[in-house]
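Take a look at the letters that make up each chain.
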Amino acid sequence: MDYISTRGNIAPVGFVDAVLMGLADDGGLLVPKHIPQLSEAELDAWRGLSYPELALELFSRFVDGEIPRGDLKRLVDDSYGTFRDEAVTPVRRIHDRLHVLELFHGPTFAFKDIALQFLGNLYGYISKKNGSTIHILGATSGDTGASAIEGVRGKEGIRICILHPHGKVSRVQELQMTTVDDANVLNLAVDGNFDDCQRIIKELFADVAFKQRYHLRAINSINIARILAQTVYYFYAYFRLAEQGVRENVNFSVPTGNFGDIFAGYLAKRMGLPIGKLMLATNENNILERFVTEGVYQPGEFRGTHSPSMDIQVASNFERYLYYLNGENPGTVSALMDAFKRDGRIAVEGDALRRVQADFAAYGVGNDECLREIKVCYDEYGYLLDPHTACGVAAANRLTADGEVTVALSTAHPAKFDEAIRLVDIAQTAPAQIAALSDKPQFQTRVAGTNEAVAEQLERFF
Ligand SMILES: *Cc1c(COP(=O)(O)O)cnc(C)c1O
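Residues numbered from 1 in each chain as written. Predicted model: local features only at pLDDT ≥ 70, side-chain atom pairs only at ≥ 80, totals over all residues. Heavy atoms only, no water.

**Side note on the site of the ligand**
The line we're drawing: We call a residue near a molecule or strand whenever a single non-hydrogen atom of that residue lies within 4 Å of it. We call two N or O atoms a polar contact when they sit within 3.5 Å, provided that within protein one can donate a hydrogen and the other can accept it, with sequence-adjacent residues counted only if both atoms are side-chain atoms. Methods summary: accessible areas were calculated by the Shrake-Rupley approach with a probe of 1.4 Å, and residue burial reflects only the protein chains presented. Of the grid points, spaced at 1 Å and generated over the protein atoms alone, those admitting a 1.4 Å probe that cannot get out make up cavities, while open sets with protein on both sides within 12 Å along at least five of seven lines make up pockets; any residue with an atom within 4 Å of a point is treated as lining. In this scheme, a molecule is assigned to a cavity or pocket if more than half of its atoms are within 2 Å of the grid points. Basically, the charged four are Asp, Glu, Lys and Arg, the nonpolar ten are Ala, Val, Leu, Ile, Met, Phe, Trp, Tyr, Cys and Pro, and anything else, Gly included, counts as polar.
In the vicinity of the ligand lie 15 residues, with Lys112, Asp143, Gly257, Asn258 and Thr411 positioned nearest. The separation between an oxygen atom of the ligand and a polar side-chain atom of lysine 112 is 2.6 Å. For the ligand, whose unbound accessible area comes to 380 Å², protein coverage reaches 98%. The pocket occupied by the ligand, as judged from atoms lying within 2 Å of grid points, is the largest cavity. Residues of the shell around the ligand, tallied by class, amount to five nonpolar, seven polar and three charged.

**Considerations on the sheet that holds strand β3 (residues 91-95)**
Under the convention used in this document: When DSSP locates at least two bridges between a pair of strands, those strands are taken to pair. Numbering goes from the N terminus for both helices and strands, where a helix is a DSSP run of H or I of at least four residues and a strand is a run of E of at least two. Helix axes are fitted to C-alpha atoms over the stretch in contact, other axes to C-alpha atoms as well, and angles between N-to-C directions run from 0 to 180 degrees. Only heavy atoms matter for contacts: two residues are in contact if any of them lie within 4.5 Å across the pair.
Read across the sheet, six strands follow the order β3-β4-β14-β9-β10-β13 without closing on themselves; strand pairing throughout is mixed. Two strands in the sheet have a free side with no partner beyond their single neighbour: β3 and β13 (360-364). Taken pair by pair, the neighbouring strands of this sheet meet at an average axis angle of 25 degrees, ignoring direction. Here four bridges tie strand β9 (residues 250-255) to strand β14 (residues 405-410), and the two strands are oriented parallel to one another. The residue of β14 that forms the bridge with serine 253 is alanine 408. Across the sheet, helix α10 (residues 224-243) lies against β3, β4 (98-102), β9, β10 (278-282) and β14, angled at about 140 degrees from β9, the strand it touches most.

**Notes on the UniProt feature "domain: Tryptophan synthase beta chain-like PALP" (unreviewed entry) in the chain**
Note the cut-off: UniProt positions are given in the numbering used here, feature names are shortened, and annotations may be inferred rather than shown by experiment.
Under the UniProt annotation, the feature "domain: Tryptophan synthase beta chain-like PALP" (unreviewed entry) is placed at residues 101-405. What you have in residues 101-405 is 51% helix and 15% strand, and the ends, taken at the C-alpha atoms, are 13 Å apart.

**A short note on the UniProt feature "domain: Threonine synthase N-terminal" (unreviewed entry) in the chain**
Per the UniProt record, the feature "domain: Threonine synthase N-terminal" (unreviewed entry) sits at residues 3-80. From the first C-alpha to the last, residues 3-80 spans 26 Å; its make-up is 50% helix and 8% strand.

**Concerning unusual backbone geometry**
Its identity as a non-glycine residue notwithstanding, asparagine 249 has a phi of 55 degrees, on the positive side. Assignment of secondary structure puts asparagine 249 in the loop between α10 and β9. With phi around 55 degrees, aspartate 425 is a residue other than glycine that occupies positive phi space. Examined against the element boundaries, aspartate 425 turns out to sit in the loop between α18 (418-423) and α19 (432-435).

**Examining the environment of aspartate 261**
One can find aspartate 261 in helix α11 (residues 260-271). It is 25 Å that separates the C-alpha atoms of aspartate 261 and leucine 188, two residues lying 73 residues apart in sequence. Those residues in contact with aspartate 261 that sit more than four places away from it in its chain are Phe111, Gln230, Tyr233, Tyr234, Val254, Leu409 and Thr411.

**Brief notes about the packing of helix α12 (residues 287-294) against helix α15 (residues 350-359)**
As a reminder of what qualifies: Should an angle fall under 35 degrees it is taken as roughly parallel, and over 145 as roughly antiparallel, whereas 65 to 115 is taken as roughly perpendicular and any remaining angle as oblique.
α15 packs onto α12 with a crossing angle of 120 degrees between their chain directions and a minimal axis gap of 8 Å. Considering their axes alone, α12 and α15 lie oblique with respect to each other. Where α12 approaches α15, its residues Phe291, Val292, Thr293 and Glu294 are matched on the opposing element by Leu353, Val356 and Gln357. Class assignment for the residues of the contact of α12 with α15 results in four nonpolar, two polar and one charged.

**Concerning the sheet that holds strand β8 (residues 216-218)**
Taking strand neighbours across the sheet as the criterion, the five strands line up as β8-β5-β6-β7-β15 in an open arrangement whose pairing is parallel. Looking at the sheet topology across the chains shown, the edges are occupied by β8 and β15 (445-447). Taken pair by pair, the neighbouring strands of this sheet meet at an average axis angle of 30 degrees, ignoring direction. Relative to strand β7 (residues 185-190), strand β6 (residues 158-165) is paired through six bridges, and the arrangement is parallel.

**A short note on the packing of helix α16 (residues 367-381) against helix α17 (residues 387-399)**
Two elements in contact, α16 and α17, have axes separated by 9 Å at closest approach and are oriented at 90 degrees. When the interaxial angle is binned, α16 and α17 end up roughly perpendicular. Here α16 contributes Glu369, Cys370, Glu373 and Ile374 to the contact with α17, which in turn contributes Pro387, Ala390, Cys391, Val393, Ala394, Asn397 and Arg398. For the contact of α16 with α17, the residue count by class is seven nonpolar, one polar and three charged.

Given below as C-alpha cells:
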C-alpha cells in the first residue's frame with residue numbers, strides 16, 4: 001500500500017518508509033493512499049478474534065506484505081504480551097448507556113503503550129533488518145515520553161531523546177521517564193510548555209538535512225503506525241458490545257489532545273466499522289471543541305488543567321482530518337495550513353461545517369466539572385476515573401442521546417494522576433510498579449526552550 005502526504009509533495013512510499021519518515025518531507029502528514037474497506041463478511045469473521053489476532057489482521061491490511069506475516073505476528077505478540085490484562089483492552093460496563101474501554105493495562109499505565117510498544121518493537125525490527133541506527137526524537141506532555149522510552153529502552157541500534165515541559169508533567173509521569181538509566185535514553189526538561197516542545201521538534205524535523213544527518217525518527221502521534229495501532233481497539237470494543245446485543249448506535253467518547261486517538265476512530269469508521277458518533281472531549285484547552293461547534297480552529301491561551309496530557313492548543317494530527325474533510329485534496333490542505341501559519345486560524349462554514357458536525361460531537365470539560373465527574377462516578381458506581389477519562393465520561397453523559405450507548409475511552413490509570421484524585425478526597429493504593437518509582441534516582445537535563453539549545457544536546461547524544 002502506498003502512503004502519501006496530506007500536502008501532496010512527496011513521492012508515494014511504502015509502509016516501512018512511511019513509519020521511518022514520520023512527518024512527511026514536505027511538512028505534511030502521511031496517510032494511506034486508499035483507506036482499506038472492510039466488508040460486512042470480513043467484520044463478521046473478525047468478531048471472535050483475540051486482541052492480538054485482531055491487531056494482526058488490521059496491521060496486515062496496512063503493511064500490505066512488506067513485513068512477512070510470521071514476523072508481523074511476532075511483533076504483535078511481543079507488543080501485547082506485556083499487558084497486564086488478558087483482554088489487553090477490556091471493556092467495563094458502568095451503566096446501560098456507558099461503558100469504559102480500559103486502555104491503560106500496558107507497562108506505563110496509559111493508552112500510549114498500545115501504539116508505542118508496537119512502534120518500539122517495529123523500530124527494533126527495522127533497525128536489525130536494515131543494519132541501520134535509529135535515533136528517536138520526541139516531545140511529550142507526559143505519557144508519550146514514558147511510554148516511548150519503555151518501548152525502546154535497552155534496545156540495540158536505537159537511541160531516544162524525549163523533550164518534556166519542565167515541571168508541567170505529573171509526578172508519576174516525570175518519574176516514569178527520568179528513572180530509566182539505560183544509556184540509550186536522554187530526557188530533556190525544557191523551559192516552556194508542551195506546545196513549545198512540540199514546535200521545536202516539528203521545526204527540527206522540518207530541517208530535512210538535520211533529520212537525515214542524525215537519522216531522526218518520530219514517535220509522536222504524527223507517526224502513521226501509531227494511528228493504525230489505535231484503530232484496533234475501536235473494533236475490539238465494538239465487537240465486545242455486539243456480543244452483548246448492542247450493535248447499533250454505539251458512540252465513542254475520546255479524551256482528546258493531539259487528535260491522534262480520535263482520528264484512529266475516524267479511520268476505523270471510514271474502514272467500515274458501523275459506529276455512531278465520535279465524541280471529542282477536551283478540557284479547558286478547548287480549541288477542538290470550538291472547531292466542531294463553531295467551525296473555527298484557533299489556538300487560545302494555554303491553560304494548565306487536571307488532565308495535563310490534553311493541555312494542547314495546536315493538535316498535530318488535525319491536518320489529517322482536514323485532508324479528508326476537504327475531499328482528499330492536498331492543494332486545499334496546503335492552502336489552509338499556509339493560512340493557519342499566516343493568520344493563526346482556520347475557519348470552515350456551510351457544508352463543510354455540517355460535515356464536521358456529522359463526523360463529531362464535542363464537549364469541553366471545565367476543571368471543576370472534571371473533578372465532580374470523578375467523585376460522582378466513584379460514589380455512584382464504585383469506579384475510579386483518572387482526570388482524562390473523566391473528561392471523556394463527562395462528554396459522554398452530556399452527548400449520549402436516548403437509545404444510544406457510549407464507550408468512553410479510558411486513557412490512563414487513576415494512579416498516574418493522584419494529584420487530581422486527592423482533591424476530591426479519594427484515597428487510592430498505587431500499583432506496585434508505580435509505588436516503586438519514588439525510590440529511584442532521576443536522570444534528566446534541563447534546557448532552554450530554543451531549537452539551538454535542543455540541537456546542541458542532540459549533537460552530543462546522537
Ligand atoms: C495522549 C493522551 C490523551 C490525548 O490523546 P491524543 O491522541 O493526543 O488526542 C488523552 N489522555 C491521556 C491520558 C493521554 O496520555
